[in-house]
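# Fold and contact review
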Amino acid sequence: MKKVLTYGTFDLLHWGHINLLKRARDLGDFLVVGLSTDEFNEIKQKSAYHSFEHRTIILESIRFVDKVIPENGWDQKVQDIIDHDIDIFVMGDDWKGKFDHLKEYCEVIYLPRTVDISTTKIKKDLCV
Ligand code: C2G
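Quick look at the structure, then. Since the model is a prediction, treat every value here as computed from it, not as a measurement.

## Concerning unusual backbone geometry
Phi at Gln-45 is positive, roughly 60°, even though this residue is not glycine. Mapping Gln-45 onto the fold places it in the loop between α2 (38–43) and α3 (52–60). Backbone geometry at Asp-85 places phi at a positive 55°, although glycine is not the residue there. Position of Asp-85 among the secondary structure elements: in the loop between α4 (77–83) and β4 (88–92). The exposed category is assigned to Asp-85, whose relative accessible area is 55%.

## A few points about the environment of Trp-95
Relative to the assigned elements, Trp-95 resides in the loop between β4 and β5 (107–111). Separated by 57 residues in sequence, Trp-95 and Asp-38 have C-alpha atoms that sit 21 Å apart. When sequence neighbours within four positions are dropped, the list of residues in contact with Trp-95 reads Trp-74 and Tyr-110.

About the criteria used
- Within each chain, residue numbers correspond to sequence positions counted from 1 in written order.
- For this predicted model, a pLDDT threshold of at least 70 governs which residues receive local features, and a threshold of 80 or more governs which side-chain atom pairs are given and counted, while totals over whole chains, interfaces and linings are taken from all residues.
- Processing note: side-chain calculations cover all non-hydrogen atoms of the structure and skip hydrogens and water entirely.
- Starting at the N terminus, helices and strands are each numbered in turn, a helix being any DSSP run of H or I of at least four residues and a strand any DSSP run of E of at least two.
- Burial status follows relative accessibility: with a 1.4 Å probe on protein chains alone, a residue under 20% of its type maximum counts as buried, one over 50% as exposed, and anything between as partly exposed.
- The contact criterion used throughout is that any non-hydrogen atoms of two residues lie within 4.5 Å.

Following this line, the structure appears as structure tokens:
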């Protein structure tokens with residue numbers, strides 16, 4: 001079984017997120033998502049509308065997602081790759097190059113971001 005791992009906040013879920021999750025899952029047979037906790041979002045300086053608990057419910061309902069684990073910090077990725085026997089680490093290419101050090105442990109793939117959609121854009125558009 002080829003296992004894939006990705007991370008994110010996935011707030012105000014939109015088709016850009018789904019597009020990432022689908023392509024990540026299609027690279028293997030099992031997709032693990034490291035979901036940023038509310039506390040880690042503070043460190044990332046991101047304020048999610050939905051709580052970690054509710055973002056977990058939403059992600060776990062997606063048929064491309066097989067397991068959701070908490071992302072508590074920047075430094076857990078190597079241990080997660082080992083603990084979950086990960087073959088491929090995937091992120092959108094806004095992160096290109098940032099996780100190349102993980103190539104020592106698994107394949108690292110950056111997928112093109114979906115254009116014209118983001119949680120920030122949704123929040124801005126709704127403010128009008
Ligand atoms: N994404 C995408 N296209 C978009 C928006 C997001 O492909 N239009 C991808 C991002 O590149 C990322 C994933 O969807 O791979 C989740 O995006 P965010 O929730 O914004 O995650 P981020 O804040 O980038 O957190 O340790 C890694 C961090 O937790 C990543």
